[in-house]
Amino acid sequence: KYRELIIGESKMEQTFIMIKPDGVQRGLIGEIISRFEKKGFSLKGLKLIRVERPFAEKHYADLSAKPFFSGLVDYIISGPVVAMIWEGKNVVTTGRKIIGATNPAQSEPGTIRGDFAIDIGRNVIHGSDSVESARKEIALWFPEGPVAWQSCAHSWIYDPE
Ligand code: IDP
Ligand code: MG
């Protein structure tokens, strides 16, 4: 249906990226979007949204048994977040590399967390950890689905078919 999803053998994927409340409060929205944009990924969904506790608990359901779960939910509902769908070849794995390790103390400089965060409980950004989680998270945050469009730069970013 969407041409970009079937180009060549390439792993065209979508991932869910969220700028957490600390990233929004600290004025990092533009910087973070810029890193994904400059890489060549395509923005397919974007909203500034403040979510309520049950929604945040659903997003982080896999972590509900962790001791930090309720603090994590408090953090995510403490202010607006920027929810995004990004698309591109291998964007799930590459997106996680752009973000950096979960604990900013271990995130390499040059990554978003490495450059802009210090503590694990204020690590600025979320990114899906697999294609399957991305599918679930996109369905949760964007029930309306992605916006269908293709960048005119597509053929300047990807190898010819
Ligand atoms: P990820 O965001 O890198 O995928 P996850 O293990 O999925 O990391 O954890 C989700 C979020 O929960 C982290 O980004 C971080 O905000 C928070 N978190 C993870 N581990 C801890 C912890 O040990 N203490 C406090 N918060 C944590
Ligand atoms: Mg995770």
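If you check an unreviewed UniProt entry, the chain appears there as nucleoside-diphosphate kinase from Senna tora.

## Things to note about unusual backbone geometry
Phi angles above zero are rare outside glycine, and N90 is one such case at about 60°. Among the secondary structure elements, N90 is positioned in the loop between strand 3 (81-89) and helix 5 (91-99). Located in the positive-phi region is V124, a residue other than glycine, with phi close to 70°. Tracing the chain through its elements places V124 in the loop between helix 6 (112-116) and strand 4 (125-127).

## Some remarks on the pattern of salt bridges
All chains considered together, the criterion is met by 6 salt bridges. In this structure, R35 and E31 form a salt bridge, with 2.8 Å as the shortest nitrogen-oxygen distance. Of this pair, R35 and E31 both sit in helix 2 (residues 29-39), 4 residues apart, which is roughly one turn of the helix. It is possible to trace a salt-bridge network through shared partners that takes in E31, R35 and D115.

## Focus: the site of ligand 1
Close contacts around ligand 1 come from K20, Y60, L63, F68, L72, R96, T102, R113, I120 and N123, and that covers them all. Within the side chain of R113, a nitrogen or oxygen atom sits 3.1 Å from an oxygen atom of ligand 1. Note that an oxygen atom of ligand 1 is positioned 3.3 Å from one of the backbone N or O atoms of I120. Coverage of ligand 1 by the protein amounts to 75% of the 520 Å² it exposes when considered alone.

## Here we look at helix 4 (residues 69-76)
Every buried residue of helix 4 is accounted for by F69, L72, V73, Y75 and I76. Considered in projection along helix 4, the buried side chains sweep an arc of 155° and stay on one side of the axis. Those residues of helix 4 that are buried are in contact with strand 1 (12-19), helix 1 (21-25), helix 3 (53-59) and strand 3.

## Side note on the UniProt feature "binding site: ATP" (unreviewed entry) in the chain
When the UniProt feature table is mapped onto this chain numbering, "binding site: ATP" (unreviewed entry) sits at K20, F68, R96, T102, R113 and N123. Checked against the element boundaries, T102 lands in the loop between helix 5 and helix 6. The exposure class of T102 is partly exposed, given its relative accessible area of 43%. Filtering out sequence-adjacent residues up to four positions away, T102 remains in contact with R96, R113, I120 and N123. Of note, R113 is situated in helix 6. We classify R113 as buried; its relative accessible area is 5%.

## Examining the side chain of T94
Its place among the elements puts T94 in helix 5. If we ignore the near neighbours within four places in the chain, the residues touching T94 are K39 and F41.

## Section: helix 5
Taken as a whole, helix 5 has its buried residues at V91, V92, T94, G95, I98 and I99. At its buried positions, helix 5 is contacted by strand 1, helix 2, strand 3, helix 6, strand 4 and helix 7 (131-141). Taken from the residues just after helix 5, G100 is the one with a positive phi, measuring 95°.

Cut-off values and rules
- Residues numbered from 1 in each chain as written.
- Chains lettered and ligands numbered in written order.
- Predicted model: local features only at pLDDT ≥ 70, side-chain atom pairs only at ≥ 80, totals over all residues.
- Heavy atoms only, no water.
- Helix = DSSP H or I, 4+ residues; strand = E, 2+ residues; numbered from the N terminus.
- Salt bridge = Lys/Arg side-chain N within 4 Å of Asp/Glu carboxyl O.
- Near = heavy atom within 4 Å.
- Polar contact = N/O pair within 3.5 Å; in protein donor to acceptor, adjacent residues only side chain to side chain.
- Areas by Shrake-Rupley, 256 points an atom, 1.4 Å probe, with all protein chains shown as cover.
- Buried < 20%, exposed > 50% of the residue type's maximum accessible area, 1.4 Å probe, protein only.
- Arc of directions from axis to C-beta.
- Contact = heavy atoms within 4.5 Å.
- UniProt positions renumbered as here; feature names shortened; annotations may be inferred.

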